[in-house]
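# Coordinate inspection notes
Below, each chain spelled out in residue letters.
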Amino acid sequence: MAKIGYARVSTRSQNDDSQVDDLAAYGCEKIFTDTASGKNAARPELDKALACLRESDVLVITRLSRAMRSLKHLLALAEELRERGVGLVVLRQQIDTTTPTGRLAFHILGAIDEFQRELIVEGTREGLDAARARGRAGGRKPKLNSRQAATVRRMYQAAGPDGKRQHTVAEIAEAVGVHRTTVYDYLKKEA
């Protein structure tokens, strides 16, 4: 019986250390980690973890919300694991689907997790609507001010005597004091 761990963090700024530590402490031989929003369908590391599992193995996660996009997805995942003879252990919610009580708790907590996620989404939407009604726009401030944007545009369009670009994106980024990805994002948006 192998214990295969799966961790997911929602954003690049979040750290998976606590999840990985918990999974390692539980005895997981392999641990797969995705960095993606919970609502995204693409989870390549979860797919790899599922491919590793054999009959009588156990998929270990720290919380139900780490492996689910929706209750429907969670139940489909649990059913797939059950059909393959694979157990599911959720550490923080103390669920073990290899027992009848664990399966019941799994279904109840899955429904509660989905309900909680929907409440958060609804509250966020209401907050954004209220801000818009007061004339405030949500979202981040632009990373480039108008002067920096003009410099990026001018430097990117500048051609040398050979007809090629005179400046690399790295040079442009250094000139305006931002990271290369910010320059790429701006140029992509302007295209």
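Coordinates for the structure precede this section.
What this report covers is the structure whose coordinates are included nearby. (Residues numbered from 1 in each chain as written. Predicted model: local features only at pLDDT ≥ 70, side-chain atom pairs only at ≥ 80, totals over all residues. Heavy atoms only, no water.)

Moving on to the overall build of the chain. Counting secondary structure elements, the chain contains seven helices and five strands. Start at the N end of the chain and walk to the C end: the helices and strands fall as β-α-β-α-β-α-β-β-α-α-α-α. A globule of 191 residues ought to have a C-alpha radius of gyration of about 16 Å, yet the chain, at 23 Å, is considerably larger. Taking the principal axes of the C-alpha coordinates as reference, the chain spans close to 70 × 45 × 25 Å. The burial tally for the chain puts 35% of its 191 residues in the buried class. In the chain, the share of contacts with a sequence separation of at least 24, taken over all contacts with a separation of at least 6, comes to 64%. Carbon and sulfur atoms form 51% of the exposed surface of the chain, whose accessible area is close to 12,200 Å². (Helix = DSSP H or I, 4+ residues; strand = E, 2+ residues; numbered from the N terminus. Rg over C-alpha atoms; globule rule 2.2 N^0.38 Å. Buried < 20%, exposed > 50% of the residue type's maximum accessible area, 1.4 Å probe, protein only. Contact = heavy atoms within 4.5 Å. Areas by Shrake-Rupley, 256 points an atom, 1.4 Å probe, with all protein chains shown as cover.)

Moving on to the environment of A67. Structurally, A67 is set in the loop between strand 3 (58-61) and helix 3 (71-83). Accessibility expressed as a relative area gives 1% for A67, which makes it buried. Through-space distance from the C-alpha of A67 to that of K3 is 16 Å; in sequence the pair is 64 residues apart. Ignoring sequence-local partners within four residues, the contact set of A67 consists of Y6, R43, L46, I61, H73 and L77.

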